[in-house]
Each structure stands twice: as C-alpha cells, then as structure tokens.
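# Observations on chain architecture
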There are 2 protein chains.
Amino acid sequence: MHHVFHLLLYEGNRKGTGMSLLVVGSVALDSVTTPFGKVEEVLGGSATYFSCSASFFTKVKLVAVVGADFPSRHIRFLKDKNIDIRGLQVRNGKTFRWKGCYEYDLNEAKTVYTHLNVFSNFKPHIPDEYKNEDFVFLANIDPTLQEDVLMQVNKPALVACDSMNFWIENKKRELIRLLKKVDIFILNDAEARELAEEPNLLKGARRILSFGPKMVIIKKGEHGALLFSNHSFFSAPAYPLESIYDPTGAGDTFAGGFMGYLSKVRKITEPNVRKAIIYGSVLASYNVEDFSLNRLRRLTMNDIDRRYKEFKKLTCF
Amino acid sequence: MHHVFHLLLYEGNRKGTGMSLLVVGSVALDSVTTPFGKVEEVLGGSATYFSCSASFFTKVKLVAVVGADFPSRHIRFLKDKNIDIRGLQVRNGKTFRWKGCYEYDLNEAKTVYTHLNVFSNFKPHIPDEYKNEDFVFLANIDPTLQEDVLMQVNKPALVACDSMNFWIENKKRELIRLLKKVDIFILNDAEARELAEEPNLLKGARRILSFGPKMVIIKKGEHGALLFSNHSFFSAPAYPLESIYDPTGAGDTFAGGFMGYLSKVRKITEPNVRKAIIYGSVLASYNVEDFSLNRLRRLTMNDIDRRYKEFKKLTCF
C-alpha cells in the first residue's frame, strides 16, 4: 500500500517555485438541456472545469484558445480563481461551442453539436514560464496535440491525461503512442472497454497499463472510480446524490481535484494518489449539483473538507 | 457510525443456545449454461446457497421442500456442512428445477424454465425446535409464504429477507405488507428501482425504508453494494474479478455470509452490519468463480479471512 514509484519528488528536486500545475485543454461555451432546465452558451470546456476544480489546491497554468467573442466576464472569473491565463490564446474567430442534452437518467450526454471554431486549428503553445511545470495534465483534446504539448515541456515529474471515445475510435494509434509517455491515464468504463477491446475491466485495465501508464483510473459515474496499477487496486465510492442537475464537466472536475491535490502534496505515493481520487470525487460530486460551473463558483474549502470526511464515513468498516 | 438500534442483543437476552439462524427458501436442481460451459441438474436453490455460505459462521437451520428424486448425496453434503435439515421436507414428486443461461457479459440470467414441482404447493412448516431462532432469513419465495413463516416464529431479534422482480411485479401488495415486519431488506438495484418506482437509488431506498425495514441493502453486482438506513449510508466495493464463471446464487451467497456473520457476533450495530456486508461480499466473490456450489464446497475460513483483508486494502485511504 505504501509502494512509492519512482516519480516520488523530494523537496530538493523541485523545479517549480511552489505548488502549481499545467493544463492544456478546451475552453468553451456550452449549451445544455436537461429535464430540469436549460442553459445557453455558459462557460464550459474540459480545461475550464479542470482548472476551476484544481484551483482549490494549487496554482493552475492554463493553455487553451478562445475566440474574440469570448465574454470578458469569463476571463475575469478565471483570474479571480487565481488561474494563470497567460497561455490562453485569444484568436479572431468564434469560441469552441458545444451543445448537449441529457435524458431523464442523466447518465450520458447526447451531443447536439460540436463547433470547434478556433479549436479546429489549435496548436498548443506552451509559454516559456510554463515549461518547467512538474505536474502536467493533458485534458481531452486530439492525442496528436497532447503529444505536441509533451514535446514542449521539460521532463515533468507527472504527466496525466484524459481522452474520449471520439479519439479512441478515430485516432487510436496516436493515443496509444501518447500513452507511452503518460504516467496516469484517466477514462471512463465504456472508454476503457473500447480502448482495451475487452469487456472485463480488470483485464482491460491491465491491457491499458501495458501501453505505458503506471496507473489507470477508471471513472464509473454513479458507481465510483477504480484505480489500477501493477501493484494495487483501489475502489472509491460514489457520493450518494438525490439530485443530479447537470453532469457536464464532472469528469474534468474529477481530474482537476485529483491533479490539484497531487500537485499540492507533491509526493506520488499510493496513499496520496488514493486521497487525490477521493478529492476528485468530492469536487465532481459538487459539480453535478448545478448547471455549468455554478456550484464550483460558490464552493469553499470547508465544503470540500466536510464532504471528504463524509467519504471516509461512507466507506469504512 | 456507532448508532445502535434497538435490536441490540445482550448476552442475557439470548433465547437460543448458541450461534444459529433459520432460513426458509428453495432447494433446487439447477441447469446452467454459460459461454464457458454448462452443468445439468446440479445442487442449487436460494436456501442452499444461503445455508452453505452462512455455515462458515453459524449453525444453519433450513426449512424447504424437495422431491423424492432429490439425490441423497446432496442431503449428505448439507449435513457435512453442519446444516440442520430437520426442517427440509421430502415429498412425493419432483424437486424444484431451474434452468438458466448467461450471455457473454454474465450479468443477468435468462431463465429458460422454472419448474416449481413440489414447491408449487409448499407450505413452510417451522419445526418447534426452530421457532425460537433469533435470526431469521426469508430467502426469495412467495411473500405470502414469507409472511406465513413469521407467524410461526417467536419474536426473532432480526428478520431479513430477499425477493425478486417476479414478486415485485405480481405480488407487490403482499410484499409491501411483509416489509412492515422485516428489519433488513436485501435486493438488487433494478429491483429497488422497480419496487420504489423511482430511478434514483437514494430516493428509492428512502421509499423502501418507509415501508418498514430499518435497513435496506442494495446489491449492485460488479459495482458492489450499498447500505441505507435513516441514519447512515455505506458503500461496499465489489471484488475485482478477472473471471466470472457462474453468477448463479451470488445474491443468496451474499445474504448467507451477511446473516451468518451477524448471527455469530449477535450485536446488530452499524459497524457489525458493515462487516457483515463485507463478509457477504467475500463469500459471493468466491461463489462466482465456479459453477454451482463448487467453489464454496472447497472454501476454507483462511480463504475468507484472506479476502476480507483484501477488501480492507482495496478501500482504505
């Protein structure tokens, strides 16, 4: 349980000047319809949810691209969350837009449209000030772009990434090539089965570990999350929620809490990774209680700590 | 977490002479086909799986009915497991037979046939020697028969029961009436949603608690199990299995491990109920590794304790 793999960071090896991490992903304007209501062109995007979530623990350095139509109040919001947006490009053109709707079971979004807009020719540019980040998260974008990011950064201590069924189906070779350079891979159970071509999650996770990552985290939505490595297995519960209003961004919020906490404690031990998964689950469980980032906007560290304790209570025996 | 509800038993209040429990349910001959093989007319039945599982912890007193064609080697097997079968009636006619098959995902049995045979007019008769049992489990049979059993026993300290979609769909009123007299109700997630007429499990469990039980345990197969009471919530993991050969009887095996452990420790506290759920999960996780009762037949307490410790390791943070 206390197996420490070689990414353990000693204080003396710290390259950065404090607790921080780098995220590359999407910043978007989302329109979402659920049985409980709808929102139009609200702030969204994988890197947005990730950053907002991680910002509770660490200084986030964000690389993404938005269009000239991106509302300045969203820029202000990101800055107010102490997110470093020097890497957020503003281009002529329109911001990435996504529209989805959820059925009554609120499990899976049906995409109505994805308009990449300025993202369609996005080339992530990592500013010099970001190149020495020890903790790097490659949020869900084209695996070719994710790999491009890794070529611009200087030997990060921990690289984690996310993907989605679209890339697994259409750019599988590039994704598997990327995974050789990834330490922790986060995906959901359907994606894991699809990528590993294996219905059994344990076998599937082993297959994915063989592609390169030291750890695979499989998110199971209402059923919690699983951590697989070659040495151990961890099963984290889901928080019992009566009302789920909008699951959009839950996975990215999970990843942000996870990486945020890890970049704060810095030592990549099994116990810390497990705690990080719980913090990710805490953040994600709050995220789904309201549309867009609304719940995260008014969340406090007290809220987070309180729910973390509840997670402990609901699993111990 | 240490809330003790009023079914706490003090040593002085013990009616029975030792650790024991009563189970009423089915004893059957099962035929099962899976992608990995098939078996014909092997020992099965809800009360059989339950008893075999509970026998690791406690003296089981079994009430059921078999036909004259029930092979004597199965009688010997039950006796060798120290199961008291004075309540097992042998009637003219044929033993209850069930035939099912599993698709590749091994999640849900498709019933090919259910031939009740002697079970079609089964009237449970509780022998006098069994009427003072403190721990009573009503395995999955007609809720009218389950209620009949309760009228024959003398104020047990703990009544738990199981059911299935067939009774929820066809004898819902009788089932709900029974639940007023049940302390712990065990069912799977699909059954819970159907009985409560509610897609959200938390709301559904609250609805079921309002029918009478103090605790509801919702089994989620590969996703673990949940315990709901008015005071607490517990989420138990599933054991990560590479190979599931035959899930037949897993739920009954779970119930047997659960009740068996509780009847051994006797104090119905939240911590003990949680441990009992883990022991139930341990037993069920072994059960599915082979056809019929084959894995349980060769299981040892060492195996059980070892896997119990693994459950602890796979959840703690």
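The structure under discussion appears in the preceding block.
Rules behind the numbers
Residues numbered from 1 in each chain as written. Chains lettered and ligands numbered in written order. Predicted model: local features only at pLDDT ≥ 70, side-chain atom pairs only at ≥ 80, totals over all residues. Heavy atoms only, no water. Least-squares fit on C-alpha atoms with pLDDT ≥ 70 in both. Contact = heavy atoms within 4.5 Å. Helix = DSSP H or I, 4+ residues; strand = E, 2+ residues; numbered from the N terminus. Polar contact = N/O pair within 3.5 Å; in protein donor to acceptor, adjacent residues only side chain to side chain. Buried area = accessible area lost by both parts, 1.4 Å probe. Salt bridge = Lys/Arg side-chain N within 4 Å of Asp/Glu carboxyl O. Pairing = 2+ DSSP bridges. Axes fitted to C-alpha atoms, helices over the stretch in contact; angles between N-to-C directions.

Before going further, it helps to examine the relation of the copies chain B and chain A. The two copies are related by a screw operation: chain B maps onto chain A through 180° of rotation and 0.0 Å of translation along the axis, at an RMSD of 0.0 Å. Both copies are brought into coincidence by an operation consistent with a two-fold rotation axis. Relative to the rotation axis, the closest C-alpha in chain B is found at His223 of chain B, a distance of 3.1 Å. Comparing contact sets, 100% of the residues at the interface of chain B also lie at the interface in chain A, consistent with an isologous, same-surface contact.

This paragraph deals with the side chain of Arg274 of chain B. Structurally, the position occupied by Arg274 of chain B is in helix α9 (residues 270–287). Among the polar contacts made by the side chain of Arg274 of chain B, one reaches the main-chain carbonyl oxygen of Lys313 of chain A at a distance of 2.6 Å.

Moving on, we get to the interface of chain B and chain A. Contacts between chain B and chain A engage 30 residues on the former and 30 residues on the latter. Across the chain B to chain A interface the summed buried area is about 2,800 Å²; carbon plus sulfur atoms make up 57%. The largest share of the area that chain B buries against chain A comes from His223, Glu242 and Phe317 of chain B, three residues that together contribute 29% of it. For the pair chain B and chain A, the number of links is four salt bridges.

All names here are of chain B. The mixed open sheet is built from nine strands, whose spatial order is β5-β4-β1-β8-β9-β10-β11-β12-β13. Only two strands of the sheet have a single partner each, and these edge strands are β5 (84–91) and β13 (233–236). Along the sheet, successive strands turn relative to each other by an average axial angle of 15°, direction set aside. Bridging between strand β1 (residues 20–24) and strand β4 (residues 59–67) involves five bridges; their strand directions are parallel. For Val24, the partnering residue across the bridge sits in β4 and is Val63. The sheet contacts of helix α1 (residues 46–54) involve β1, β4 and β8 (135–138), and relative to β1 the element is tilted by about 170°.

Shape descriptors only; they carry no functional weight alone.
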